[in-house]
Structure formats: structure tokens, C-alpha cells
Amino acid sequence: MSDPYFQKLFAERIGGVNYGKGTEIYKFEKIKRAKRKALSEHPERKLIDFGIGENDEMAPQSVRSVMAREIDQLANRGYADNGVAAYREAVARFMQRNFQVELDPATEINHCIGSKTALSMLPAAFINPGDITLMTVPGYPVAGTHTRYYGGSVFRLPLLAENDFLPDLDSIPADVRERSKLLVLCYPNSPTGQVATRDFYQRVVEFAQKNEIVVVQDAAHIMLSYEGAPLSFLQIPGAKDVGVEVHSMSKGFHMIGWRLGWVCGNARIVSAFADVKDNCDSGQFIAIQKAGAAALDDEQIPVQVKQKYERRLKKLVDTLRRCGFSCKMPGGTYFLYAKSPTGLASGEKFETAEAASQYLITQHSICTVPWDDAGAFLRFSVTYEAPTEKEEDELMALTEARLKQIQPRFE
Ligand SMILES: Cc1ncc(COP(=O)(O)O)c(C=O)c1O
């Protein structure tokens, strides 16, 4: 088949003239294919799905009721632009109540259509060709992708177990620091589950001031914090002078598909974000923002979401430990990041986490997400579908039986 005339018109950032012709299969597509294979070859074997990174429940009834009411209001019909006051004010109350962070709803908070979009837009406010974004790996790559779209590059900061999955800021070479404009962090960290400490955040503020770098802290999982109260970057003295925190309604409120979040912190950075956003979208549907405001004002919702995933993570840690994995309760997120097996009792060897993950899916219908960026790890998500605690326990028992049968080895 000959190429369409526009094949030569595709931008380099998406592959240029070769766009659509690559044969490389991306990680999540490989997992999807392996899942399909396991289901078709072994329909009798229940798929144990630790691969999904999405809440398994819908938003609470109280939030859906507000949505049902607001959807009928004439006043909510139009463009929301940079957001309604009711949502910004609910965010300000939420940040005050949970983190004792004072924010001016008019200038220091702006909504976004999910935190993914905010992370994609913030580089537009700072990155010129040649500039650098410092990003932790493994991690959520969106801000890095857009940095490259603007002609910048990404300097990777590996998250290693021996450094408690915190980046080593001192290891960044001077010439990289000079060209860096953004430091993108994510705590509680996806996928490692690590939570940040005050001490680490203090060092980040000092680093940012000294090197004149803007901090973007991705707090998508913040309400899923298991070691005491959740910690916001903005609680640290000086943080508001150097950056913003990006929040999401997705994980902590079971509102994944609703597409709502916010950027908060430094007023000038929030305003730059709002200017870029204003040129990209016209705001989230006002009824959704009002339902989001109701969710933020309900203290019980994030507590219940947290309790559920904490309970499931504890069960998973116990189960995997009984099968030879060395893992501990993560500080946050709904992910367990565990060292990948290097082989099995049968003698089978795995060079990478990806090889182990493919084996587990295709041979035993256990789906995980592999990470080989900084050591070989498997990410187990506890967002599997199990409507009752009894079903959770049955799923754990099934996982244990299958893993004990193959006896994973860790050298
Ligand atoms: C670390 C992290 N940040 C941000 C997001 C984006 O979340 P949302 O766009 O639903 O707010 C995700 C979603 O998976 C995530 O894992």
C-alpha cells in the first residue's frame, strides 16, 4: 500500500516520515496482548489482574447525586474556561484542612481536566529548545514527553531502592543543572510507593532556589498515604516560592473517569499554567466541577478509599512474602513495587522484569506491570475487581496457590 501524500508531513516529534511504521510494541500493549492470549488459551483459569492502574469503584453515591442535580442546571451549560469559584474554594478548604496549606482560590489554584493534562501543559510555560526537565524514573512520563515536543530534553533521575526511591539531587552534573528549568517529582511515588519526607522536600526547595529551577510535584496519589498524615510539598517553608503541586480527583475519590484535578502553589506559575490551558481547552463541565467540590468537602471519602486500598495492600504483602517475595507495605499509592523474581524452582531464568511478567501472565494468568528502568521490579496494583472482602481473600488464596506451585527464586 502506498503512503498517503501527508506521510512526509508528520512532525519529527511523533516519528516524522516513519510515523505509524514502527514495529516496536510498547509495554502496556505487550501486557494487553499477553492477557488476551492467556484468556483465549486458558478460559478455565481465572485471570488475576494486578495490572490495572485504575480504581475499581465508581464515585460515591453522594457525589453522583450532586452531578445528577447539577447536570440539569441551565447555568452550568457553558464554557467553564479556567474554572468556577465553587471548585477553587472547595480546593482551598481541602488544602487547609488536610495540609494546613493556605491558598488564595483566585490566584493560587486552577482546575485542570485531570492531572495528566496539567503535566502535559506545564512544560509549555517553561521549556524552550535546549532546556532540560529533570524527571524521576521509573515514573509517569507525560511532562517529559511534552518537554521533548518543545525541543527540550529529559535528564533521568533513577529511583533506587538503596536511596529509598528518592532522587539523588547531588548527582546531577553542573552543566545539566544550569540548563534545567523543571524538576518533576511524584510523591507518593508511582510506581515505587515511596512517600516523601519533610527533610527531602526541604532539600528540594534549597536545590530549586540555588539552581533556579521550578518544581512540579505530582500529588496524584496523595490521599493514599499510609504512614501517618499525607504530606504536601506546599507544607514546606519556601515551597510556594519555587513551584506548584498538581492534584487529582481520580485516585483518592474514585473519580478516575470524571477528569478533574488542580494545580496549586506559586501564583505566577499557576497563572502561566492557566494561560497555556486557556489556549488548549475551555474547562471541565461545570456540573463535574460542582460534584468535585462536594467530594472535596466530604472528609470521609478519601478516608474510606485509603482504608480499602491499605487493607488490600497489607493482604498482598503477606501473600507475596509467603511465596518468597521480599516486599514491604508501601508508604502510599495503590501499587506494590516488588523485586522481580530472577527465576523459578524449575530452573527457568528471567533476565528482566518484563520476561518474568510475560511468564506470569501467559503461563499462570497473573498480570503485573514490569519496570526495568532502575532495577528489575514488578508492580502489583490492588485495584482488581473483588466486590467483597471474601472475594479479596479468595483472590489472595488463588495467587498464593499459583505462586507456591512455581516457587519464584530471587538471587
Ligand atoms: C503518577 C500519576 N500522575 C498523574 C496521573 C494522571 O491522573 P489523572 O489525569 O487521572 O488525574 C496518573 C494516572 O495514572 C499517575 O499515575
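Scroll up for the structure.
Residues numbered from 1 in each chain as written. Predicted model: local features only at pLDDT ≥ 70, side-chain atom pairs only at ≥ 80, totals over all residues. Heavy atoms only, no water.

We now examine the sheet that holds strand S12 (residues 369–371). If you walk across this open sheet you meet the three strands as S9-S13-S12, and the pairing is antiparallel. Looking at the sheet topology across the chains shown, the edges are occupied by strand S9 (335–339) and S12. The average undirected angle you get between the axes of adjacent strands in this sheet is 30°. Two strands pair when backbone bridges link them, and S12 and strand S13 (residues 377–381) are joined in this way by three bridges, in the antiparallel orientation. Residue proline 370 lies in a different strand from S13, and its bridge partner there is leucine 378. (Pairing = 2+ DSSP bridges. Helix = DSSP H or I, 4+ residues; strand = E, 2+ residues; numbered from the N terminus. Axes fitted to C-alpha atoms, helices over the stretch in contact; angles between N-to-C directions.)

Where side chains of opposite charge bring their charged atoms close, a pairing between them can arise. Counted by the stated rule, this structure contains 27 salt bridges. Residue glutamate 29 is joined to arginine 33 by a salt bridge in which the shortest nitrogen-to-oxygen separation is 3.0 Å. Residue glutamate 29 and its partner arginine 33 are located together in helix H1 (residues 27–41), separated by four residues, close to a single helical turn. A relative accessible area of 42% places arginine 33 in the partly exposed class. For aspartate 393, the salt bridge is made with lysine 315, and the minimal N-O distance between the two is 2.9 Å. Remark: lysine 315 occurs in helix H11 (residues 300–322) and aspartate 393 occurs in helix H13 (residues 389–406); sequence separation between them is 78 residues. (Salt bridge = Lys/Arg side-chain N within 4 Å of Asp/Glu carboxyl O. Buried < 20%, exposed > 50% of the residue type's maximum accessible area, 1.4 Å probe, protein only.)

Of all six residues that make up strand S7 (residues 243–248), six are buried, and the element is covered over most of its length. Sheet analysis places strand S6 (residues 214–218) next to S7, joined by four bridges and oriented parallel. Among the inter-strand pairings, valine 215 is bridged to a residue of S7, identified as glycine 243. Bridge analysis of S7 against strand S8 (residues 261–265) gives five bridges, and the strand direction is antiparallel. Bridging from a neighbouring strand, valine 246 pairs with valine 263 of S8.

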